[in-house]
Amino acid sequence: MGKVAFVFPGQGAQAVGMGKDIYESDAAAKTVFDRADSALGYSLSSLIFEGPDAELKITYHTQPALLTTSIAYLELFKAKGLQPDFLAGHSLGEYSALVAAGVLSFEDAVRTVRARGEFMEQAVPSGQGAMAAVLGGERQALQQLCEAVTAEVGVVELANLNCPGQIVISGSKEGVQGIVERGKEIGAKRVIPLEVSGPFHSSLMKPASERLSDVLSAVPMQTASVPVVANVTARPVQEPESIRELLVEQVHSSVLWEDSVAWLIEQGVDTFVEIGSGTVLAGLIKKIDKSLKIYSINSKEALDQFQL
């Protein structure tokens, strides 16, 4: 058998009711949700299980909610005895990977991503930033178009390099609109505006990075027990100092997801286990390489049925 990577989803994978099945059926999972409520001082679990959806979608709720759900599933999945060779997460999911690697305590991670969500929400006044998914078109050509549009109308940058033919752009409202209008020039089939509260993973997020840096400098970190592939570099990291720097940079930098998966495949990974809500990452990984074994641990049923 080849190597195994555990991967953790980021924002966009949330759904009201996620994790409720394991919360109600397993004491270990319930404890994870209770610990999150206690770390934050409010009932995050009620918001996760009951909504409303509009509240759960607020970035500073979404981030701790997804992290908590991933770690609750991870807690139960550990009983399967499968050890990962590598860990990775998409944007916010990198924090779940760092908890799994023993770098951050769960409580510190929950509080940190709650703050991260607040800083990201506040970095750019509402309505001034935007994001859109570009379907089709080459990365290099899109990069050049972004540079041209940035010079002419306003900042727009590559935010999430998800898989072949799917790149998310981020920046000023005008810049993103420029790509919506001109995407066809580089062979994009469609450019779909996303419902988000800010221009995440663009240079406009630098104020959020600076505030996060202050928070992270006070958070204790251990050396990772398993290499974590960082979004910013698509390479493994284990040392606390490097991890801190990369987490700060990650807020305003591109998420190199396709590159991260490609690097893992080069290391001999042929089995990916997505742990947490939804199947977003499983879908992206399939588009990168159909021959891989991909599992999504996102329900009690998936946990019960899992076998390699």
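Our subject is the structure that appears above.
Anyway, here's the lowdown on the structure attached to this text. As the structure is a computational prediction, the values presented were derived from the model and not from experiment.

Thresholds applied
Residues numbered from 1 in each chain as written. Predicted model: local features only at pLDDT ≥ 70, side-chain atom pairs only at ≥ 80, totals over all residues. Heavy atoms only, no water. Helix = DSSP H or I, 4+ residues; strand = E, 2+ residues; numbered from the N terminus. Rg over C-alpha atoms; globule rule 2.2 N^0.38 Å. Buried < 20%, exposed > 50% of the residue type's maximum accessible area, 1.4 Å probe, protein only. Lys, Arg positive; Asp, Glu negative; His and termini not counted. Charge placed at Lys NZ, Arg CZ, Asp CG, Glu CD. Pairing = 2+ DSSP bridges. Contact = heavy atoms within 4.5 Å. Axes fitted to C-alpha atoms, helices over the stretch in contact; angles between N-to-C directions. Phe/Tyr/Trp six-rings, centres within 6.5 Å; stacked < 30°, edge-to-face > 60°. Parallel < 35°, antiparallel > 145°, perpendicular 65-115°, else oblique. Left-handed = near helix turned anticlockwise from the far one by under 90°.

**Re the overall build of the protein**
Summing up its helical and strand segments, the protein has 14 helices and 10 strands in all. For the protein, whose C-alpha radius of gyration is 19 Å, the value lies close to the compact-globule estimate of 19 Å for 308 residues. Considering only C-alpha atoms, the protein reaches an extent of 55 × 45 × 35 Å along its principal axes. Within the protein, buried positions represent 55% of all 308 residues. Side-chain charges in the protein split into 25 positive and 37 negative, and the spacing between the mean points of these groups amounts to 4 Å.

**Section: the pairing of strand S5 (residues 166-172)**
Among the 7 residues in S5, 7 count as buried, and that is most of the element. By the bridge criterion, 7 bridges tie strand S3 (residues 129-135) to S5 in an arrangement that is antiparallel. By the bridge assignment for S5, Ala-130 is matched with Gly-171. In this antiparallel pair of consecutive strands, strand S4 (residues 156-163) and S5, the connection spans 2 residues, and Gly-165 shows a positive phi of 80°.

**Some remarks on the pairing of S4**
Burial runs high along S4: 7 of the 8 residues are buried. Summarising the sheet, S4 and S5 pair through 6 bridges and their orientation is antiparallel. Its bridge partner lying in S5, Glu-157 is registered against Ser-170.

**Some words on the sheet that holds strand S1 (residues 3-8)**
Adjacent strands of a sheet form backbone hydrogen bonds with each other and so pair up, either parallel or antiparallel. On the basis of which strands lie adjacent, the open sheet formed by 6 strands has the order S8-S7-S2-S1-S9-S10 and mixed pairing. The sheet is open, and its two edges are formed by strand S8 (236-237) and strand S10 (293-297), each paired on a single side. Packed on one face of the sheet, helix H12 (residues 257-266) meets S1, strand S2 (86-89), strand S7 (228-229), S8 and strand S9 (269-275) and runs near 135° to S9.

**What about the packing of aromatic side chains?**
Scanning the model with the defined rule gives 7 aromatic pairs in all. Ring centres of Tyr-23 and Phe-33 lie 5.7 Å apart, and the angle between their planes is 85°; on these two criteria the pair is classed as edge-to-face. With Tyr-23 in helix H1 (residues 20-25) and Phe-33 in helix H2 (residues 27-40), this residue pair connects regions lying 10 residues apart in the sequence. Look at Phe-33 and Phe-49: their rings are 5.0 Å apart centre to centre, the planes differ by 55°, and that puts the pair in the tilted class. You can see Phe-33 sitting in helix H2 and its partner Phe-49 sitting in helix H3 (residues 44-50), a full 16 residues away along the chain.

**Remarks on the packing of H2 against helix H5 (residues 59-77)**
Running from N to C, H2 and H5 point in directions that differ by 150°, and their axes come no closer than 8 Å. Relative to H5, the element H2 lies roughly antiparallel. Seen from above, H2 lies across H5 with right-handed handedness. On the side of H2, the interface is formed by Ala-28, Ala-29, Val-32, Phe-33, Ala-36 and Leu-40, while H5 contributes Pro-64, Thr-68, Thr-69, Ile-71, Ala-72, Glu-75 and Leu-76.

**Looking at unusual backbone geometry**
For the bond from Gly-51 to Pro-52, the omega torsion is 5°, close enough to zero to count as cis. Tracing the sequence through the fold places Pro-52 in the loop between H3 and helix H4 (53-56). A positive phi is found at Ser-91, a non-glycine position, where the angle reads about 55°. One non-glycine residue, His-201, adopts positive backbone phi at about 55°. Position of His-201 among the secondary structure elements: in the loop between strand S6 (190-193) and helix H10 (206-217).

Worth remembering: the numbers are spatial, not functional.
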